[in-house]
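Structural overview
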Amino acid sequence: MRDVAVVAFAEAPSVRRTDGTTNGVEMLVPVFREAFDQTGLTKNDIGFWCSGSSDYLAGRAFSFVSAVDAIGAFPPVMESHVEMDGAWALYEAWVKVLTGDADIALAYGFGKSSAGDLRRVLALQLDPYVLAPLWPDSVSIAALQARLGLEKNLWTERAMAQVAAASRSAALSNPRAQLSGSADVDELLAAPYIAEPLRAHDCAPVTDGAAAVIIAAEDQSRELCERPAWITGFEHRIDSGSLGWRDLTTAPSAAAAGSAADASGVDVAELHAPFTHQELILRAALGLGDAVRISPSGGALAGNPMFAAGLARIGHAARAISSGGAARALGHATSGPALQQNLVCVLEGR
Amino acid sequence: MPPPLSAPLEISFDYTRSLGPVLARFMQSLAQRRILGSRSADGRVHVPPAEYDPVTFAPPQELVEVGPAGTVLTWSWQPAPLEGQPLARPFAWALIQLDGADTALLHAVDAGSAAVLRTGMRVTPRWAAEPAGRITDIECFEPAAGTATRVAARAATEPVPVPGAETGTMIAPISLRYTHSASAEESRYLRALAEGKIIGQRCPSCGKVYVPPRGACPTCGVPTATDVELPDTGTVTTFCVVNVPFQGQRVPVPYVAASVLLDGADIPFQHLILGCAPEDVRMGMRVRAAWKPPEQWGTTAENIDHFEPTGEPDAPYDSYAHHL
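Residues numbered from 1 in each chain as written. Chains lettered and ligands numbered in written order. Predicted model: local features only at pLDDT ≥ 70, side-chain atom pairs only at ≥ 80, totals over all residues.

1. Observations concerning the confidence of the model for chain B
Per-residue pLDDT for chain B averages 90, and the proportion of residues at 70 or more is 93%. Across the predicted assembly, pTM comes out at 0.92 and ipTM at 0.94. (pLDDT = per-residue confidence, 0-100.)

2. Describing the sheet that holds strand β3 (residues 79-82) of chain A
Residues and elements named next belong to chain A. If you walk across this open sheet you meet the 10 strands as β3-β2-β4-β7-β1-β8-β12-β11-β9-β10, and the pairing is mixed. Across the chains shown, the open sheet's two edge strands, defined by having one partner strand only, are β3 and β10 (293-294). Where strand β4 (residues 104-112) lies against strand β7 (residues 208-217), nine bridges are found, and the strand directions are antiparallel. What sits directly across from A107, in β7, is V213. This element, helix α4 (residues 86-98), spans β1 (4-11), β2 (48-52), β3, β4, β7, β8 (229-238), β11 (328-335) and β12 (341-348) of the sheet and lies at about 170° to β4. (Pairing = 2+ DSSP bridges. Helix = DSSP H or I, 4+ residues; strand = E, 2+ residues; numbered from the N terminus. Contact = placed C-beta atoms within 7 Å. Axes fitted to C-alpha atoms, helices over the stretch in contact; angles between N-to-C directions.)

3. Topic: the domain arrangement of chain A
All names here are of chain A. Each assigned domain of chain A is listed here: domain 1 (4-118 + 206-229) and domain 2 (125-203 + 231-348). Computed from C-alpha atoms alone, the centre-to-centre distance between domain 1 and domain 2 is 22 Å. At the interface, 35 residues of domain 1 touch 27 residues of domain 2. If one sorts the elements of the side of domain 1 that touches domain 2 by residue count, α4 sits on top with six residues. Looking at side-chain class alone, the side of domain 1 that touches domain 2 contains 20 nonpolar, 10 polar and five charged residues. (Domains from an automatic or database assignment. Nonpolar A, V, L, I, M, F, W, Y, C, P; charged D, E, K, R; others polar.)

4. Re the interface of chain A and chain B
With 44 residues of chain A at the contact, the number on the chain B side is 53 residues. Within the residue set of the side of chain A that touches chain B, elements represented by two or more residues are α1 (25-39), α5 (118-121), α6 (138-151) and β5 (193-195) of chain A. Broken down by element, the residue count for the side of chain A that touches chain B peaks at six residues, all from α6 of chain A. Residue classes in the side of chain A that touches chain B are distributed as 25 nonpolar, eight polar and 11 charged.

Right under this line is the structure:
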């Protein structure tokens, strides 16, 4: 096995609504351009492409095939797709490079969440027999999880609001963020509930966006990037899809992925927490102490493009390494309801 | 530039889902107004029943009857119910541990007001008037008098089959609504069609002309920028004779669906070939668009009803061979 590093990351602006199609081409073309400009690469240098997106979100069959137009896939390219966040596409790309099938790979994710009613679309990721026919929406399910922790005194509504305020404050340094600014915790807590016990600030915004990450094997990495972010651990795990069968106040799959990837000793953790209390669950599951800088990009609460936000977390973690701002960082991605599935990518500078 | 065209799009589909032996009995029992859980080897009772134990992966030892009353473990308030949810008025979602169960079931609680809800409250199912062997046979739960009692789950007697349940399937209707946007290039194409013109776009890198325009050259991966007006004549590159009837078909079978390469374009598009017998259609045949009357034109590809033969000599094979 050889070492693999992240050498480039680009993301589209996180916005509430774009005019573009649901096949992502309009968002992806400039994102690819930016990633190529960072490295001097062209599309012909990419040995493997992998995308993450969803037809349910796009409202059309095989939407990822149309997205391939953004690549310029002629002559044919080696390409794959996951119906998951682009972070899992990056995992597949990483395996391709590790095993020598490709030397340089590009993973991307895209989602036009504004095209449909995101809360209803996400109900269709649930068990199709006993859950999806009730159309439980993503915010309501997160609210059930939040209350469990509140009533067990694991966190407070104030602690949740502090997560939101910290996210917006951090996002001031991220020009691509959708929500940023200084927020007063008392003012946040004065807002009404939208799904008691959740307020609007507890929920990630609905976001259209896209992201791309380029990884390369060791020889190429050093040529392409002054300070590559070397991948030292990359793991994903999953918990039961039956919401009533597990303790929703913990994320055993996040803990297991973090342990397997060795998440210890990181300076920065970019967490894909679409709800404030989920950041608190993840910090506990991943053993992140107070010294760890959490989501300096603002995280998913500052912009949550479906199927791209997890990949973007890894991208921002890599950027923290490449800029010299961190020696060791992790990017996390989640999928499914109430942190059901979790992925951890640990990166370090050398 | 005007904003891209967009239109509402509703996608509906009835999934037919196989239930398997465990969920089939669960659903059949719901239609009998009884709720079953599964007992694992360790004695734990899962509700809804586990097809395989999540820890040991073994099939359940037996199915047992639980509830019907239960206790709210957590709840959230839904002030503005969404389409398809169990109730149209504000309600609570709750994880409910039914008496005799060790896990919780997600369902709605019709409590009238969030002020009524509390964790630990007792609830009981309200059954749908017309059972169908689905989870929605429980219309919702409602607050119940009394306190939680640990009720031993009773071994389930074999439920009486309900009509339709013998197939072991359920129908799960799915319906989603979108605002579907055309790309900027597709919008220009559709707006041009409304004026009886066909617009393609040329790739600035390789010079190829794409119709309909695609936004990015699939060969070069760069945005296509230059509009090119194309004639409504072209060549059949390849075709098939459609003999299979299907729902929504607007032309009686047999008929011809063909790839038509418009003159000056570098990619063929699909259309119908009418105006001659299907057996007379051939590769290389020269065709022209048959437009609907202008008063029927809109921003739609349907402005061209079909293509029909021009009567010109066939195009030589070499002129379109590289488009096959």
